[in-house]
Amino acid sequence: MCFCVVGILAVSLSASAQVVTRDVVQHIIAEKLLAGQELLFARNYTEAMKLFKAMEAAYPTSPAGYFGEMATVEVQMLERDDFHLEREFEDAARRGAQAVSRVMQSYRPTTFELMFGGSLYGLHGFLKARKGEWLTAYFLGSKSRQLFRRIQTTDPHFVDADFGIGMYLYWRSVFTKELPFLPFFPDRREEGIKLVTRVAERGWLSKDLALVNLGIMNLEERHPAKAIKILHRYVERYPHNVILHSLLGRAYVAGHKYDEAVVAFEQALQLEPMFHRAHYFMAIALVLKKDAALLPRAEQELDRFMATSPSQEWQSYVHYWRGMIAEVRGDKIRARKEYEVAIEMNSHLKGAKFRLRGLGGGL
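The rules behind these values
- Residues numbered from 1 in each chain as written.
- Predicted model: local features only at pLDDT ≥ 70, side-chain atom pairs only at ≥ 80, totals over all residues.
- Heavy atoms only, no water.
- Salt bridge = Lys/Arg side-chain N within 4 Å of Asp/Glu carboxyl O.
- Helix = DSSP H or I, 4+ residues; strand = E, 2+ residues; numbered from the N terminus.
- Buried < 20%, exposed > 50% of the residue type's maximum accessible area, 1.4 Å probe, protein only.
- Expected span 1.5 Å × (residues − 1).
- Contact = heavy atoms within 4.5 Å.
- Axes fitted to C-alpha atoms, helices over the stretch in contact; angles between N-to-C directions.
- Parallel < 35°, antiparallel > 145°, perpendicular 65-115°, else oblique.
- Left-handed = near helix turned anticlockwise from the far one by under 90°.

Engineer: Can you tell me about the pattern of salt bridges, naming the residues and giving the values?
Structural biologist: In total, this model carries 30 salt bridges according to the counting rule given. A salt bridge links Arg-43 to Glu-272; the shortest N-O distance between them is 3.4 Å. Separated by 229 residues along the polypeptide, Arg-43 in the loop between α1 (2-41) and α2 (45-58) and Glu-272 in the loop between α12 (258-271) and α13 (277-288) bring together distant segments of the chain. On the basis of relative accessible area, Arg-43 is assigned to the partly exposed category, the value being 22%.

Next comes the structure, spelled out in C-alpha cells:
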C-alpha cells in the first residue's frame, strides 16, 4: 500500500515539475521575443533575424521563433509597401503553423504557447488582409481569436491575451463596415479599443505593441491629437523606425499640422527611399496648406509616386489630388477632368464625386 502511494506521489510530482519546467522555458522564450521586438523597433533586422533563427533552433516546437521571423520580413515589406519578401514570410508561416499544431496536440499547452500561436495566426491574417484576401484573413483571424479566448478561459489574469482579442474585434468591425461582401458583424470597435487600452496599461509582452496600435486606432477614429501624442513618443524612442515616422506624418495631416507632416515624411524617405507612399502623403500635406507657391512641389511628389506604378485605386487618389491642385489654381476645367478620371478609375471615390458636383459636373 505504501509503495503504491509513494509511486503515485512520485509520478504526480514528476508531472508537476514538468509543467513548471515548461512554464519557465516559455517565460525565457517570451523574454527573447521581447528582445527581438526591441531590435525590430530599432530597425536592426539582421540581428533580429539571427535571434529568431536561434530561437527556432533552440526551441523548434515553439511557434515563437517562427512568429518573430514572420514579423521581421513583414516589417520590411511594410516599409516598402509591397510583398517582396512574401515567399520568405509564407515559408516561416508554414513552419510556424506546424509548431502551433504540435502545441495544440500536447497534453497541456501553456499560456505563452497559446499566445505565440494566436499571434502567429493573427500576423498571417494581417498579411492576407493587406493583399485583399479577406476571407482567408477572416479565417486566420478567427483561429487567432480562438487561441486568445482559450487563454482568457484558462488564465484570465494573463492580460496580454486581450491584445489579440481587442485587435480582432476592432479591425473586424472596421473591415466589415467597409467591405459589404464580408459576413455581418456588429460594430465592436469601442470594446476592441478598451481591451487594447487595458494591455497598454497593464500588459507585459504586448504593452508596446498595444500602445502603438492605440495610436493607429486613434488615427482611424479621427482623434489626431491622441494619435500624435502616442506616436511622437515612439518616434523619439526609435528615431530610425520608418513606419513610426509615416504614421506620425499621417496623424499630423489629420491634425492639420502640415509642416510637421512634411518633415515626418521626409525623414521616412531618408531612412527608406523605397517607401513610395511618403511622396503621396507629403503631396497631400502640401496641397492642404493651400499655398500656391507649394503646389509645384506637391505635383512633383505626386509624379514621383505615380512613377512607382501604384495600383489603380491609388492612381485614382492621385487624380483626385491633382483635381484639388487645379481647383486651388482656379482651373475648373482641369479640375473637372481630373475628378472624372478619378471616378472612372474608382467609382467608390466619394470625395471626387462631391468635388465634381461643386464644379457643376452633374453627378
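Engineer: Residues and numbers for helix α15 (residues 312-328), please.
Structural biologist: Over its 17 residues, α15 runs 25 Å from end to end, which matches the ideal 24 Å to within 8%, given 1.5 Å per residue. Among the residues of α15, those classed as buried are Trp-314, Ser-316, Val-318, His-319, Tyr-320, Trp-321, Arg-322, Gly-323, Met-324, Ile-325 and Ala-326. In the core, the buried residues of α15 are packed alongside α13, α14 (295-306), α16 (332-345) and α17 (350-358). Backbone geometry just downstream of α15 places Gly-330 in the positive-phi region, at approximately 85°.

Engineer: Could you give an account of the environment of Arg-149, with specific residues and numbers?
Structural biologist: Looking at the element boundaries, Arg-149 is found in helix α6 (residues 134-154). Exposure remark for Arg-149: the relative accessible area of 33% places this residue in the partly exposed category. In sequence terms Arg-149 and Leu-114 are 35 residues apart; their C-alpha atoms lie 9.6 Å from each other. The contact partners of Arg-149, leaving out residues within four places of it in the chain, are Ile-165 and Arg-188.

Engineer: If you had to explain the packing of helix α4 (residues 86-105) against helix α5 (residues 111-130) to someone new, which residues and values would you point to?
Structural biologist: Direction vectors running N to C along α4 and α5 enclose 150°, while the axes themselves pass 10 Å from each other. One element, α4, and the other, α5, form an angle in the roughly antiparallel class. Taken as a pair, α4 and α5 cross one another with a handedness that is left-handed. Across the interface between the two elements, Glu-86, Phe-89, Glu-90, Ala-93, Gly-96, Ala-97, Val-100, Val-103 and Met-104 from α4 touch Glu-113, Leu-114, Gly-117, Leu-120, Tyr-121, Leu-123, His-124, Leu-127 and Lys-128 from α5.

Engineer: Before we move on, could you go through unusual backbone geometry and cite the residues and values that matter?
Structural biologist: In the Ramachandran plot, Lys-290 falls in the positive-phi region, its phi being about 55° despite a non-glycine side chain. Mapped onto the fold, Lys-290 is located in the loop between α13 and α14. A positive phi angle, close to 55°, is found at Ser-309, a residue other than glycine. For Ser-309, the position within the fold is in the loop between α14 and α15. You can call Ser-309 exposed: its relative accessible area is 62%.

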